[in-house]
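# Overview (structure and organization)
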Amino acid sequence: MLGKWLTNQTVNIIDSAKDWKEAIQLCATPLLKNNAISQNYINAIFQLHESIGPYYVLAPGIAMPHARPEQGVNQLGLSMLLVKQGVKFNSEDNDPVYLVTLLAANDSTSHIEMLTQLATLFGESNDMQTIFKAQHRDEILAVINQY
């Protein structure tokens, strides 16, 4: 199921990002290009982060930035960015973040199955290590396509 959303167009790998904002912006680029989200959605994530902290850093090395559907989501979307050198999100227990998965939900229910599959993936340490160590997009997609 995740392979429907995470594809050659929505999964990317970079060596580094200067900060958490750049990592999120780069992760969001495919969803901006396919009009799943507007820049307002990214701005809302930035504002939330600055007001309440990195609420979306879920576990060591893993962030899933998101905001409310009405803050700029046009359609359900998901993108993933691997930052090989990691980037600080100011999450004391979980920095550095290597994997940024941007979730764009256009209502309160359509993304539940997607979240369930992501939670299963994030809980599989062997698969996550494969993703964290990936050098090419195909290595990540091979894991993703199992979910």
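Here is a short report on the structure shown in this document. Going along each chain's sequence as written, the residues are numbered from 1 onward. Local features are withheld for residues below a pLDDT of 70 in this predicted model, meaning they are given only at 70 or higher, and side-chain atom pairs are given and counted only at 80 or more; totals for whole chains, interfaces and linings count all residues. In computing side-chain properties, one takes all heavy atoms of the structure into account and sets aside hydrogens as well as water.

For strand β4 (residues 77-87), the buried fraction is high: nine of the eleven residues fall into the buried class. Strand direction decides the pairing type here: strand β1 (residues 11-14) and β4, joined by four bridges, are parallel. The residue bridging I14 from the neighbouring strand is V83, located in β4. Here seven bridges tie β4 to strand β5 (residues 97-104), and the two strands are oriented antiparallel to one another. The residue of β5 that forms the bridge with L82 is L99. Only protein chains enter the calculation, and the probe is 1.4 Å; a residue is then buried if its accessible area is under 20% of its type maximum, exposed if over 50%, and partly exposed in between. The helix and strand labels rest on DSSP assignments: H or I over at least four residues marks a helix, E over at least two residues marks a strand, and numbering proceeds from the N terminus. We treat two strands as partners when DSSP finds at least two bridges between them.

Next up on the list: the packing of helix α4 (residues 112-123) against helix α5 (residues 125-132). Angles here are taken between N-to-C directions and fall from 0 to 180 degrees, while the axes themselves are lines fitted to C-alpha atoms, restricted in helices to the stretch in contact. Viewed as axis vectors pointing N to C, α4 and α5 meet at an angle of 85 degrees, and their least axial separation amounts to 5 Å. Taken together, the axes of α4 and α5 lie roughly perpendicular to each other. Each of L121, F122 and G123 in α4 lies in contact with α5, whose residues at this interface are S125, D127, M128 and I131. For this classification, Asp, Glu, Lys and Arg are treated as charged, while Ala, Val, Leu, Ile, Met, Phe, Trp, Tyr, Cys and Pro are nonpolar and the rest, including Gly, are polar. Residue composition of the contact of α4 with α5, by class: four nonpolar, two polar and one charged. Each angle receives one of four descriptions, namely roughly parallel if under 35 degrees, roughly antiparallel if over 145, roughly perpendicular if within 65 to 115, and oblique otherwise. Any two residues whose heavy atoms approach within 4.5 Å at even a single point are treated as in contact.

What follows concerns the pattern of salt bridges. Salt bridges are counted wherever a side-chain nitrogen of Lys or Arg sits within 4 Å of a carboxyl oxygen of Asp or Glu. All told, the structure shown has three salt bridges when counted by the stated rule. The closest approach of N and O atoms between D15 and K84, which form a salt bridge, is 3.7 Å. In this pair, D15 sits in the loop between β1 and α2 (20-33) while K84 sits in strand β4, placing the two residues 69 residues apart along the sequence. Here R68 and E70 are joined by a salt bridge, their closest N and O atoms 3.2 Å apart. Residue E70 is classed as exposed on the basis of its relative accessible area, which comes to 60%.

Turning next to α4. Here α4 is twelve residues long and its end C-alpha atoms lie 16 Å apart, about the 16 Å a rise of 1.5 Å per residue gives. Regarding α4, the residues found buried are M114, L118, L121 and F122. All buried residues of α4 lie within an arc of 95 degrees about the axis, which places them on one face of the element. What a helix should span is 1.5 Å times the count of its residues minus one. Comment: arc refers to directions from the helix axis out to C-beta atoms.

Regarding helix α6 (residues 137-144), the residues found buried are I140, L141, V143 and I144. Here the buried residues of α6 occupy an arc of 160 degrees about the axis, which is enough to place them on one side. Packing partners of the buried residues in α6 comprise α1 (2-5), β1, β4, α4 and α5.

It is worth spelling out the packing of aromatic side chains at this point. Working definition: rings of Phe, Tyr and Trp (its six-membered ring) pair if their centres are within 6.5 Å, and the pair is stacked with planes under 30 degrees apart, edge-to-face with planes over 60 apart, and tilted otherwise. Throughout the structure, instances matching the rule amount to four aromatic pairs. Look at W20 and F46: their rings are 5.6 Å apart centre to centre, the planes differ by 85 degrees, and that puts the pair in the edge-to-face class. Remark: F46 occurs in helix α3 (residues 39-52) and W20 occurs in helix α2; sequence separation between them is 26 residues. Given a relative accessible area of 12%, F46 falls into the buried group. In textbook terms, an aromatic cluster arises when at least three aromatic residues are bridged by ring pairs, as seen for Y55, Y56 and F89.

By themselves, these are just geometric observations and shouldn't be taken as functional.
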